[in-house]
Amino acid sequence: MQNIASGLNLTAITANVNAADKLITLQSLSATAGQGKITGHGSINLGAPNLPVDISLNADHATPISSDLVNETLNAALRLQGDLKGNATLGGTVDILKANINLPKSLPPSVANLPIHNGSAPPPKPSSAAPPAPPIRLALDVRARNQIFIRGDGLFAELGGNIHIGDTADNPQPSGGFNLIRGTFSLTGTTLQFTSGKIDFNGAGFIPVLDLEATTPTSTNGTATLVIGGTAAKPKITLTSSPPMPSDEILSQILFKQSASSLSPFQAASLAVALAQLTGVGGGSARWIRCATRWGWTSFRWAPTAPATPPCRPGATWRRGFMWAPARPRPAAAPRRKCRSISIRG
């Protein structure tokens, strides 16, 4: 059994079912889930008005869901008990032994995701309303001591914690989350240590909501913070500071512990690459830095359009993420000057 959209993948499914009049007994159920197993047994009485049911499911080092976004290895002991037409409850525990949440690389902001319609195809038939889900109440506890890993696009974090899933099967309400154990974020060769963080599931369905922060003191006796928020499917990076500063100044303090106005050409190029990475332009960082240091570029500003890579020659202008301007010619023996200015416009 496979569902590509959700990542569900169960193989080698076997079941032994016995029917006596209207009493259906599941004597055994077995399925392979990754390197582990899912087993079960139970019964349902189709002859009773409220359809009484009692089914148990157990997982042993199972990986029932594995996708590009999430995969996990878990143990579980679950039981569905009660009346399907009355008051049934699905309860139990799920112990996550290890899980990986992979952040996707999103398209640049300038690339539109356009829907595709086939003009020769007949119009889709109106879908009939799905029957209502049975009124099954949930009482599930999901536990993970550690080894909840988030990876992708420079991010690494390990978390652990507990989640309770309540309400009903047609409206599950998770509460709780996972707290940061350790984590880093790599940005243009600089590794930032996360100082706090968590993943919440409070009312947002089963898509993890991120809140990871890397805070560092600034050269002006303040603080600068890089925050990774949003969801695992659509992460969002923001920069904050106390007292408030422009984004380029915050990032300069985080990366170099100094003001953007005092950066060297190499540092200024690194800052430009970092800003491009955070705003979704990204790519070609080594080439940008080589150009900046080779030709002594001392200023750049944000611009809306550009070719894929900057032309690496004196006097060249790159018009996409950044516009570069070379410094005026100077004797070879003269020391390099500091970065004159950094300006950004959206």
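Scroll up to find the structure this text is about.
Each value, and the rule that gives it
- Residues numbered from 1 in each chain as written.
- Predicted model: local features only at pLDDT ≥ 70, side-chain atom pairs only at ≥ 80, totals over all residues.
- Heavy atoms only, no water.
- Helix = DSSP H or I, 4+ residues; strand = E, 2+ residues; numbered from the N terminus.
- Core = buried A, V, L, I, M, F, W, Y, C linked by side-chain atoms within 4.5 Å.
- Buried < 20%, exposed > 50% of the residue type's maximum accessible area, 1.4 Å probe, protein only.
- Salt bridge = Lys/Arg side-chain N within 4 Å of Asp/Glu carboxyl O.

Visitor: Go over unusual backbone geometry with me, naming the residues and quoting the values.
Guide: Going from Ser 242 to Pro 243, the amide bond is cis rather than trans, its omega being -5°. Topologically, Pro 243 is positioned in the loop between strand 16 (235–242) and helix 1 (247–256). Not every positive phi belongs to a glycine, and Asp 21 is a case in point at roughly 60°. Of note, Asp 21 is situated in the loop between strand 3 (11–20) and strand 4 (23–33). At Lys 257, a position not held by glycine, the phi torsion is positive, near 60°. Structurally, Lys 257 is set in the loop between helix 1 and helix 2 (265–279).

Visitor: Now, about the nonpolar core: what can you tell me, with residues and values included?
Guide: Side chains of a nonpolar character, in soluble globular proteins, are inclined to be buried together. Judged by nonpolar contacts, the single largest core of 51 residues is most densely connected at Ile 150, Leu 159, Phe 178, Phe 185, Leu 226 and Leu 251. Of all the elements, strand 9 (residues 136–152) adds the most residues to this core, at six residues. One finds Leu 51, Val 53, Leu 80 and Ala 88 within the second-largest nonpolar core, a separate group that totals seven residues.

Visitor: Which residues make up the pattern of salt bridges, and what are the values?
Guide: Per the stated rule, a full pass over the model turns up four salt bridges. The shortest N-O distance in the salt bridge between Arg 143 and Asp 95 comes to 2.7 Å. Placement of Arg 143 in strand 9 and of Asp 95 in strand 8 (residues 88–102) is noted, with a sequence separation of 48 residues between them. The exposure class assigned to Arg 143 is partly exposed, which follows from its relative accessible area of 37%. Taking relative accessible area as the criterion, Asp 95 reaches 25% and is therefore assigned partly exposed. Asp 200 is paired through a salt bridge with Lys 198; the nearest N and O atoms lie 3.6 Å apart. Residue Lys 198 is classed as partly exposed on the basis of its relative accessible area of 33%.

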